[in-house]
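One letter stands for each residue in the lines below.
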Amino acid sequence: MRIRLILAASAGLGLAGSAFGAFTLNNGNATFTMLASASSLFPTSNLSGADFRPEGGATTDQMFYYNWGVRQPGFSNAGLTAAGASSITESGTGTDTYTHTIINGGTGPAGQSRYDAVTTIRLTDGALPGAARLDSTLVFTASQGNAGPVTYQLFHIVDNDFNGSLNNDQFNVTDTTAVRGTVVDTLLTAPAVFGEFEGLGASRYEVSGSSTIRSRINGGIVDLNNSASFLGDGGYGFQWTVTLAPGESYTARSSYNLVVPEPATAGLLITLAPAFLRRRR
Ligand SMILES: [Ca+2]
Ligand SMILES: [Ca+2]
Ligand SMILES: [Ca+2]
């Protein structure tokens, strides 16, 4: 019944094994684009897969790579490519919310560790220039046909190029429980834009060179390393380790928020900075 409803709602948009084109989300003048790859909408390889512009058009692209992935027992991260899936559908291209649905996806035979996965990406423009946010949700359900409980690793990996430049980004995980962190461009002092990233309830995290994170999850059965600080061409990764009975679901949430402080707050920070500097001497 559930499968039939999803198929009916998205008739004609996709079938198992079909290749997806690029899609763009729009809200206000902000844009978020995922570029097509040959094999996967959420690529596992080192591809320039994402383009995020709070002011749209020819303004600065803030993002290199944006990936949701899953690791089943005994396999490396496969992205949400859903080899062998009964169906893959998508909707929302050209709006502010994109939805990608996989039914009975995953590597290996049915009856072992298959899953259904509904990934939603929502773009919200900010009131101030430079502000915008991405909210992403993965509703992950162990297939009813699995023989018993299965432990999955869910991943969200994002390679930011903050302010459009690669090698000067400072990432810090500021709350290792939530999990939350920030990224700033060390050369960008005005306006005081910063990025906040959050992976609610993540089991593990990592800020690092994003190729390092990708190699970790794609190259074998290795966990993210809980590193909390990185300077350079980096990104952030979240890992949710979940054990699900047949038919049981888990919802993983991840967001990226480009924040521009109100002028009064920015002025206060500028005023306080010399005092902080003096105290450190
Ligand atoms: Ca905007
Ligand atoms: Ca930068
Ligand atoms: Ca980067």
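Residues numbered from 1 in each chain as written. Chains lettered and ligands numbered in written order. Predicted model: local features only at pLDDT ≥ 70, side-chain atom pairs only at ≥ 80, totals over all residues.

**Observations concerning the nonpolar core**
Generally speaking, soluble globular proteins have nonpolar side chains that are buried together.
Consideration 1: In this structure, Ala-50, Ala-117, Leu-154 and Val-158 are the most contacted members of the largest nonpolar core, which totals 55 residues.
Consideration 2: Among residues more than four places away in sequence, those in contact with Leu-154 are Val-70, Leu-138, Phe-140, Trp-240, Val-242 and Ala-252. (Core = buried A, V, L, I, M, F, W, Y, C linked by C-beta atoms within 7 Å. Buried ≥ 20, exposed ≤ 12 C-beta atoms within 10 Å, placed from the backbone. Contact = placed C-beta atoms within 7 Å.)

**Describing the sheet that holds strand S3 (residues 50–53)**
Consideration 1: Overall, antiparallel pairing links the three strands, which are arranged S1-S2-S3 in an open sheet. With partners counted over all chains shown, the strands left at the sheet margins are strand S1 (23–27) and S3, one partner each. Strand-to-strand twist in this sheet, taken as the mean axis angle between neighbours without regard to direction, amounts to 10°.
Consideration 2: Where S1 and strand S2 (residues 30–34) come together, five bridges link them in antiparallel fashion. Paired with Thr-24 across the strands is Thr-33, a residue of S2. (Pairing = 2+ DSSP bridges. Helix = DSSP H or I, 4+ residues; strand = E, 2+ residues; numbered from the N terminus. Axes fitted to C-alpha atoms, helices over the stretch in contact; angles between N-to-C directions.)

**What to know about the sheet that holds strand S15 (residues 234–244)**
Consideration 1: On the basis of which strands lie adjacent, the open sheet formed by four strands has the order S4-S9-S15-S13 and antiparallel pairing. Of all strands in the sheet, those bounded by a partner on one side alone are strand S4 (63–71) and strand S13 (204–209). Adjacent strand axes in the sheet meet at a mean angle of 15°, parallel and antiparallel pairs treated alike.
Consideration 2: Relative to S15, S13 runs antiparallel, the two being bridged by six bridges. Counterpart to Tyr-205 in the pairing with S15 is Phe-238.

**What about the confidence of the model for the protein chain?**
Consideration 1: For the protein chain, the average pLDDT comes to 82, and 79% of its residues sit at 70 or higher.
Consideration 2: A low-confidence stretch, residues 1–19 stays under pLDDT 50, and its non-local contacts, those more than four residues away or across chains, total 20 contacts. (pLDDT = per-residue confidence, 0-100.)

**Comments concerning the environment of Ile-103**
Consideration 1: In this fold, Ile-103 is placed in strand S6 (residues 97–105).
Consideration 2: Residue classification places Ile-103 among the buried residues on the basis of 22 C-beta atoms within 10 Å.
Consideration 3: Taking C-alpha positions, Ile-103 is 5.3 Å from Ser-87, a pair spaced 16 residues apart along the chain.

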